[in-house]
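# Structure at a glance
Next come the chains, spelled out residue by residue.
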Amino acid sequence: MWCVPKIDQLFKERMEDVLELYERPYNPKEPMVCFDEKSKQLLADRRESIPAKPCQPRRADYQYERKGTRNLFIAVEPKAGQRKVKVTKRRTKADFAKFIKQLTEKTYQRAEKIHIVLDNLNTHFQNSLQETFDEQIVKRLLKRICFHYTPYHASWLNMAEIEIGILNRQCLNRRIPTEKQLCQEVNKWQTDRNKQGAKINWRFTRIKARKVFKYHSLDSGKKLNE
């Protein structure tokens with residue numbers, strides 16, 4: 001959301017860090033991955049719907065039955081046109097840590113360094129890894145991961161928000177009654193999008209940010225992740 005209460009130094013540093021990362025050329029050895037998550041409520045029809053016919057859309061009764069909720073982790077590599085979506089029952093620190101481990105050791109096992117853009121949810125930090133895995137595993141993961149955090153109240157700087165919007169419109173914007181069907185639908189959507197190599201063309205640069213928020217560039221050579 002576009003809610004910017006105060007442009008302080010931390011806000012500018014984090015925004016510049018993320019935008020500088022977006023401006024880098026594509027490098028498969030150091031992939032840039034945008035991460036976020038979404039909750040999906042499972043809903044079942046109480047009455048059987050009427051299938052669509054020529055000149056007549058599908059019709060469904062307004063009543064539905066709640067079947068619980070599931071979490072979806074979404075990791076999109078916008079410059080490579082690839083994404084990874086995983087359905088989980090919860091979104092605890094352990095769930096987050098296991099998904100990051102999967103990205104590091106399977107999805108991007110050949111990468112030298114993985115740059116992950118994410119927001120400031122309390123599960124999105126190094127301590128989630130430390131509370132889930134032993135010290136050796138944590139060291140191995142952190143050696144290849146670099147977290148880049150968006151400023152507070154600036155989740156719109158995370159390209160994963162764009163991918164979630166597309167996922168909503170193309171796949172989730174209807175009643176899905178079971179976890180099994182949700183996984184099938186999401187996996188099919190993910191496979192099709194990856195085959196298309198659908199990318200995200202991000203146009204909001206550091207130069208534009210400085211004009212919009214009316215500030216000068218940060219000190220030369222200053223890096224938030226040093």
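A few points on the structure.

Each value, and the rule that gives it
- Residues numbered from 1 in each chain as written.
- Predicted model: local features only at pLDDT ≥ 70, side-chain atom pairs only at ≥ 80, totals over all residues.
- Heavy atoms only, no water.
- Pairing = 2+ DSSP bridges.
- Helix = DSSP H or I, 4+ residues; strand = E, 2+ residues; numbered from the N terminus.
- Axes fitted to C-alpha atoms, helices over the stretch in contact; angles between N-to-C directions.
- Contact = heavy atoms within 4.5 Å.
- Buried < 20%, exposed > 50% of the residue type's maximum accessible area, 1.4 Å probe, protein only.
- Polar contact = N/O pair within 3.5 Å; in protein donor to acceptor, adjacent residues only side chain to side chain.
- Disulfide = S-S within 2.5 Å.
- Phe/Tyr/Trp six-rings, centres within 6.5 Å; stacked < 30°, edge-to-face > 60°.
- Lys NZ or Arg CZ within 6 Å of the ring centre and 35° of its normal.
- Salt bridge = Lys/Arg side-chain N within 4 Å of Asp/Glu carboxyl O.
- Parallel < 35°, antiparallel > 145°, perpendicular 65-115°, else oblique.
- Left-handed = near helix turned anticlockwise from the far one by under 90°.
- Nonpolar A, V, L, I, M, F, W, Y, C, P; charged D, E, K, R; others polar.

### Re the sheet that holds strand 3 (residues 82–88)
Strand pairs in the sheet, formed through backbone hydrogen bonds, run parallel or antiparallel to each other. Strand order in the open sheet formed by five strands is 3-2-1-4-5, and the pairing between neighbours is mixed. Two strands lie at the open edges of the sheet, namely strand 3 and strand 5 (145–149), each paired on one side alone. Strand-to-strand twist across the sheet, computed as the mean angle between neighbouring axes with direction ignored, equals 30 degrees. Sheet strands in contact with helix 5 (residues 160–172) are strand 1 (32–45), strand 2 (64–77) and strand 3, and its direction is about 30 degrees off that of strand 1.

### Details of the side chain of glutamate 37
In this structure, glutamate 37 sits in strand 1. Residue glutamate 37 is classed as buried on the basis of its relative accessible area of 8%. A polar side-chain atom of glutamate 37 sits 3.1 Å from a polar atom in the side chain of histidine 124. Beyond its immediate chain neighbours, meaning those up to four positions away, glutamate 37 contacts Asn71, Leu72, Phe73, Ile74, Arg91, Leu121, Thr123, His124 and Ile164.

### Examining the state of the cysteines
On inspection of all chains with the given rule, the structure shows zero disulfides. As a non-bridged cysteine, cysteine 34 has cysteine 146 as the owner of its nearest cysteine sulfur, 13 Å distant.

### Describing the packing of aromatic side chains
According to the stated counting rule, one finds 11 aromatic pairs in the structure shown. Ring geometry for phenylalanine 73 against phenylalanine 99: centres 5.3 Å apart, planes inclined by 20 degrees, an arrangement best described as stacked. Of this pair, phenylalanine 73 sits in strand 2 while phenylalanine 99 is found in helix 2 (residues 93–107), placing the two residues 26 residues apart along the sequence. Taken individually, phenylalanine 73 and phenylalanine 99 each receive the classification buried, so the pair is uniform in this respect. Measuring from ring centre to ring centre gives 6.5 Å for phenylalanine 96 and phenylalanine 147, while their planes differ by 40 degrees; the resulting arrangement is tilted. You can see phenylalanine 96 sitting in helix 2 and its partner phenylalanine 147 sitting in strand 5, a full 51 residues away along the chain. Each of the two residues, phenylalanine 96 as well as phenylalanine 147, counts as buried. Between lysine 101 and the ring centre of phenylalanine 133, over which it is positioned, the NZ or CZ distance is 5.9 Å.

### What about the pattern of salt bridges?
Oppositely charged side chains are able to pair whenever their charged atoms sit close together. Under the definition given, this model contains 16 salt bridges. We note a salt bridge from glutamate 163 to arginine 193, for which the minimum N-O separation is 3.1 Å. One end of the pair, glutamate 163, is in helix 5; the other, arginine 193, is in helix 6 (residues 179–196), and 30 residues separate them in sequence. Judged by its relative accessible area of 0%, glutamate 163 falls in the buried class. Sharing partners across several salt bridges, the network here consists of Arg70, Lys89 and Glu179.

### A few points about the pairing of strand 1
Taking burial as the measure, the 14 residues of strand 1 include 11 buried ones, the bulk of the element. Both strand 1 and strand 4 (residues 114–118) contribute to a ladder of three bridges, which runs parallel. Of the residues in strand 4, the one forming a bridge with cysteine 34 is valine 117. Note: strand 1 against strand 2, 11 bridges, orientation antiparallel. The residue bridging phenylalanine 35 from the neighbouring strand is alanine 75, located in strand 2.

### Remarks on the packing of helix 5 against helix 6
Packing of helix 5 against helix 6 leaves a shortest axis separation of 11 Å and a crossing angle of 120 degrees. Taken together, helix 5 and helix 6 sit at an angle that is classed as oblique. The interaxial crossing formed by helix 5 with helix 6 has right-handed handedness. Every residue of helix 6 that contacts helix 5 at Glu163, Ile166, Leu167, Gln170, Cys171 and Leu172 is listed here: Leu182, Glu185, Val186, Trp189 and Arg193. Of the residues belonging to the contact of helix 5 with helix 6, the class tally is seven nonpolar, one polar and three charged.

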